[in-house]
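Coordinate inspection notes
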Amino acid sequence: MIDWILAERIATYVAGSGNGKTPTADLSALAAESEARVTAYTGLTPARPLPAPEGIGRREWVVSNIGAMRVLLDPVLDRTSENLGKLRPAIELAMGITLTTEVAVVLGYLAQRVLGQYELVLLDEAVEDRQPRLLFVLPNLGEAVTNFGADEQEFMTWVTLHEVTHAVQFAGVPWLHGHVSGLVQELLRSAELRIEAPRKLRVPTGAELRRIADALRHGDLISVVTDESERATLDRVQAVMAVIEGHAEHVMDAVAPDLLPSLPRLRAAIDRRRKSQKGLSRLLARLLGLEMKLRQYERGKYFCDAVVKARGVEALHHVFSSPEALPTLTELEDPAAWLNRTGLDGPAMLERSSA
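Below, the structure is looked at part by part. Given the structure is predicted, the values throughout are model-derived calculations rather than measurements. (Residues numbered from 1 in each chain as written. Predicted model: local features only at pLDDT ≥ 70, side-chain atom pairs only at ≥ 80, totals over all residues. Heavy atoms only, no water.)

**With respect to the overall build of the chain**
- When you go through the chain residue by residue, the secondary structure sums to 17 helices and three strands.
- Across the 355 residues of the chain, 46% fall into the buried class.
- Approximately 17,800 Å² of the chain is accessible, and the part contributed by carbon and sulfur atoms is 58%. (Helix = DSSP H or I, 4+ residues; strand = E, 2+ residues; numbered from the N terminus. Buried < 20%, exposed > 50% of the residue type's maximum accessible area, 1.4 Å probe, protein only. Areas by Shrake-Rupley, 256 points an atom, 1.4 Å probe, with all protein chains shown as cover.)

Printed below as a string of structure tokens:
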């Protein structure tokens, strides 16, 4: 249903090329230093070599992410098309135009903002069939350095630490890729079933209208288009992503205070950038769930910081011991509840942490 060639062209046009000065920092050296510090702090040992860092432009970022989306979405859309009956050609045409445009605009907008990305296709067989990539969008990094008035080496170190932490997480936790992949596949299967058996048209109730309005007000468009069972799965996705993002933020602060003397100023600059979005950019950020992603950073980092403060870094290592050890969305707001559930709030744990 999606014309991926057309989507790539539209997304590339929307993305533009950027006007930032290309950074000259040595990404390979930064990645090697980051890996050494991250593995030492987290206790995670990658089971395979981390991908080499790649400095790319916006167009290449679009192309790479279209490839990843195509692997995920094409099987679902193909199976859906098979059940459309006699109206299949007309419906495919109408839906194809809509989906192609939506995918293209989303990717084009994101390509203007992404600084770095650990790209991993969320399919069980993806690691063998499509190797992960460690991407850095150079025009966006250059613009950010200029806009923040930051030291280039320090800023590039900051971004590299964050993305390398993600690479270490997925290469060092044997079950993490499969777990996240399973949740995403569960959401896709639910969406496929919902497309095949559409709800009857009806006037929404007052409660449903209030839920929709509240979701849009909080930038949570996804919950508007999902049912109750899908939202339960989505909650688990959001919880694990908050842990992954928050853990990277926590690790970044913990492992390199000597490399990032301006970290408080950099964080303040990014906060101002996020809050300064206006008009269409602000609306798109809310609808695309980018504000939700920012809350994931904040919520996850709060959890990780609190666990380490209460019971030491050894307790935080337990987060990645099994899928069952992951905190729920509620526990992210209440780290003490997670410590209690996992049995890490006892005196023995406290003694080990203070030893």
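**Some thoughts on the environment of R113**
- If you trace the backbone, R113 turns up in the loop between α4 (88-111) and β2 (116-119).
- When the C-alpha atoms of R113 and A144 are compared, they prove to be 9.3 Å apart, with 31 residues separating the residues in sequence.

**Quick word on the side chain of R311**
- By the element assignment, R311 lies in helix α13 (residues 290-311).
- Overall, the relative accessible area of 16% leaves R311 in the buried class.
- At 3.2 Å, the side chain of R311 and the backbone oxygen of L344 are in polar contact. (Polar contact = N/O pair within 3.5 Å; in protein donor to acceptor, adjacent residues only side chain to side chain.)

**A few points about the environment of H247**
- Relative to the helices and strands, H247 resides in helix α10 (residues 228-255).
- Residues H247 and T165, spaced 82 residues apart in sequence, show a C-alpha to C-alpha distance of 8.3 Å.
- In this structure H247 touches T42, T165, Q169, A242, C304, L316 and F320, once residues within four positions along its chain are discounted. (Contact = heavy atoms within 4.5 Å.)

**Overview of helix α1 (residues 4-15)**
- The terminal C-alpha atoms of α1 lie 16 Å apart, and with 12 residues this matches the ideal 16 Å at 1.5 Å per residue to within 8%.
- Those residues of α1 that sit buried are W4, A7, A11 and A15. Buried residues of α1, viewed axially, fall in a sector of 60°; they line one side. Structural note: α1 exposes I5, R9 and Y13 on the side pointing more than 90 degrees away from its buried face.
- Between the side-chain oxygen of the N-cap and the backbone nitrogen of I5 there are 3.3 Å, and the N-cap of α1 in question is D3.
- Looking one or two residues past α1, G16 carries a phi angle of roughly 70°, positive in sign. (Expected span 1.5 Å × (residues − 1). Arc of directions from axis to C-beta.)

**Things to note about the environment of V237**
- Summarising the element assignment, V237 is placed in helix α10.
- Looking at V237, the relative accessible area reads 14%, which means it is buried.
- Separated by 53 residues in sequence, V237 and V184 have C-alpha atoms that sit 7.6 Å apart.
- Excluding its chain neighbours within four sequence positions, the residues that come into contact with V237 are L183 and L187.

**Remarks on the sheet that holds β2**
- In spatial order, the strands read β1-β3-β2; together these three strands make up an open sheet with mixed pairing. Each edge of the open sheet is held by one strand with a lone partner, namely β1 (53-56) and β2. For this sheet, the mean angle separating the axes of adjacent strands, direction not counted, is 25°.
- Here β1 pairs with strand β3 (residues 133-137) via four bridges, running parallel. When the bridges of β3 are listed, I56 appears paired with V137.
- In the packing of helix α6 (residues 138-148) onto the sheet, contacts are made with β1 and β3, and the angle to β3 comes to roughly 45°.
- Its contacts with the sheet put helix α7 (residues 152-172) on β2 and β3, and the angle it makes with β2 is roughly 10°. (Pairing = 2+ DSSP bridges. Axes fitted to C-alpha atoms, helices over the stretch in contact; angles between N-to-C directions.)

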